[in-house]
Amino acid sequence: MKKLVLGVVAAAVVATSSIAADYTLKFSHVVSENTPKGKAAKYFEKRLEELSKGKIDVQVYPSSQLYTDNAVVKALRLNSVQMAAPAFSKFGKIVPQLALFDLPFIFTDIDQLHRVQDGEVGTELKDMVTAKGIVALDFWDNGFKQFSSSTKAVINPEDAAGQKFRIMSSKVLEAQFHAVGANPQMMPFSEVYSGLQQGVIDGAENPISNIYTKKFHEVQKYLTISNHGYLGYLVVMSKKFWNSLPADLQADVKQAMKEATAKERIYAQQLDEEQFKEIKDYAQKTGKLEIYTLTPEQRAAWKKAVSPIYSQFYSDDTIGKDLIEKTLNTK
């Protein structure tokens, strides 16, 4: 009898939990669950279900199980999926102002970057995306980019002269390398390793996570911790789904996202440190990689060399003078 009662109670709990969910939120992303974005998505799932008292059932689909980053924006517009966290580059044609994050040496460090994202500039950028029919919730970190090369260590601006650097499609990145006499080469990310290995390109710029996971450090002789540009993700929600939520559940989404963003930043920093340690261990054991870190004086020289390109993006149909100046003035 006791087992029967327990079974009935368990069945009732399951039935109640399934009935209690008034909304189903599918969160699609393209990385594995053990990455900073993957872990933060799971944390968001847990917190939103707690805060909403089960009224929102969050279902996270990692590793492109539902959509690739290229397809997910259209799916969000159709409400086929309710949340995603694509790279900034996926919004380039919708909101070109997000190229702000490509501008070299515009951020002094990660804390100042987060103050920009959490402040007036971040709000303006999110409002621009939301005005295009997709609700922008917050920014998640991938990390700062670092210079690497097989030809010459990139320490001073003149060191880049004549070198061929892989870039993703970006007018800002083209201007950045032209400003120091380098030759930017657009190349799909999937071809970078072979391009470096075969000498088709001399170098690249990537966050530590890309360098480590794709083993770029094994086909480069020099790595410079330059923290000169930033790669991140924009967490977005279907406008149709957002508008279907009552005010109290919208508030729960915002609170869960605020907490998940704080966690994601910690996860990203921890992973960056762990993977950089592995790269340093490789350099020490093999002697095949030299690692440099820019001094404050070297950073100042780089900023002086590349900051003239900022004015090329003052027009409102690119980044806009106002956003650039507000970023520079954020201390």
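As a reminder, the structure under discussion sits directly above these lines.
Source: prediction; values computed, not measured.

Reading the values: rules and limits
Residues numbered from 1 in each chain as written. Predicted model: local features only at pLDDT ≥ 70, side-chain atom pairs only at ≥ 80, totals over all residues. Heavy atoms only, no water. Helix = DSSP H or I, 4+ residues; strand = E, 2+ residues; numbered from the N terminus. Rg over C-alpha atoms; globule rule 2.2 N^0.38 Å. Buried < 20%, exposed > 50% of the residue type's maximum accessible area, 1.4 Å probe, protein only. Contact = heavy atoms within 4.5 Å. Areas by Shrake-Rupley, 256 points an atom, 1.4 Å probe, with all protein chains shown as cover. Phe/Tyr/Trp six-rings, centres within 6.5 Å; stacked < 30°, edge-to-face > 60°. Lys NZ or Arg CZ within 6 Å of the ring centre and 35° of its normal. Pairing = 2+ DSSP bridges. Axes fitted to C-alpha atoms, helices over the stretch in contact; angles between N-to-C directions. Parallel < 35°, antiparallel > 145°, perpendicular 65-115°, else oblique. Nonpolar A, V, L, I, M, F, W, Y, C, P; charged D, E, K, R; others polar.

S.K.: I'm lost on the overall build of the protein in this one. Help?
M.R.: Per the secondary structure count, the protein includes twelve helices and ten strands. In terms of overall dimensions, the protein is globule-like: its C-alpha atoms have a radius of gyration of 22 Å, near the 20 Å expected for 331 residues. In terms of its C-alpha atoms, the protein occupies a principal-axis envelope of roughly 80 × 50 × 35 Å. Within the protein, the fraction of its 331 residues that count as buried is 48%. Taking the contacts inside the protein whose residues are at least 6 apart along the sequence as the reference set, 73% of them involve residues at least 24 apart. Carbon together with sulfur atoms contributes 53% to the accessible area of the protein, which is approximately 15700 Å² in total.

S.K.: Would you mind showing me how to read the environment of Ile291 here?
M.R.: Along the chain, Ile291 falls in strand 10 (residues 290–293). On a C-alpha basis, the gap between Ile291 and Thr224 in space is 5.8 Å, while along the polypeptide they are 67 residues apart. Not counting residues up to four positions away in its chain, the partners in contact with Ile291 are Leu223, Ile225, Phe276, Ile279, Lys280 and Ala283.

S.K.: For this particular structure, what's the right way to read the packing of aromatic side chains?
M.R.: Each aromatic ring pair is summarised here by two numbers: the centre-to-centre distance and the angle between the ring planes. The full count for this structure, using the stated rule, is 16 aromatic pairs. Plain terms: the ring middles of Phe27 and Phe44 are 6.1 Å apart, the flat faces sit at 80 degrees to each other, and that makes the pair edge-to-face. Taken together, the residues Phe27 in strand 1 (residues 23–28) and Phe44 in helix 2 (residues 36–51) connect sequence positions 17 residues apart. With a relative accessible area of 0%, Phe27 lands in the buried category. Look at Phe44 and you get buried, because its relative accessible area is 0%. Between the NZ or CZ atom of Lys39 and the centre of the ring of Tyr267, over which it lies, the distance is 4.7 Å.

S.K.: Please clarify how the pairing of strand 9 (residues 230–238) should be interpreted in this entry.
M.R.: For a regular strand, side chains alternate in direction, first toward one face of the sheet and then toward the other. Counting buried residues in strand 9 gives nine out of nine residues, a clear majority hidden from the surface. Bridge count between strand 3 (residues 83–84) and strand 9: two bridges; the pairing is antiparallel. In the strand pairing of strand 9, Ala84 is matched with Val236. In the sheet, strand 4 (residues 134–149) pairs with strand 9 via nine bridges, with the strands oriented antiparallel. Considered in strand 9, the bridge of Phe144 is made with Tyr230.

S.K.: I'm lost on the packing of helix 5 (residues 120–130) against helix 12 (residues 321–328) in this one. Help?
M.R.: When two helices pack together, their arrangement is given by the angle between the helix axes and by the axis-to-axis distance. Contact pair helix 5 / helix 12: the axes reach a minimum separation of 9 Å and the direction vectors enclose 150 degrees. Our classification of the angle between helix 5 and helix 12 gives roughly antiparallel. Within the contact between the two elements, helix 5 uses Glu120, Val121, Glu124, Leu125 and Met128 and helix 12 uses Asp322, Leu323, Lys326 and Thr327. Counted by class, the contact of helix 5 with helix 12 contains four nonpolar, one polar and four charged residues.

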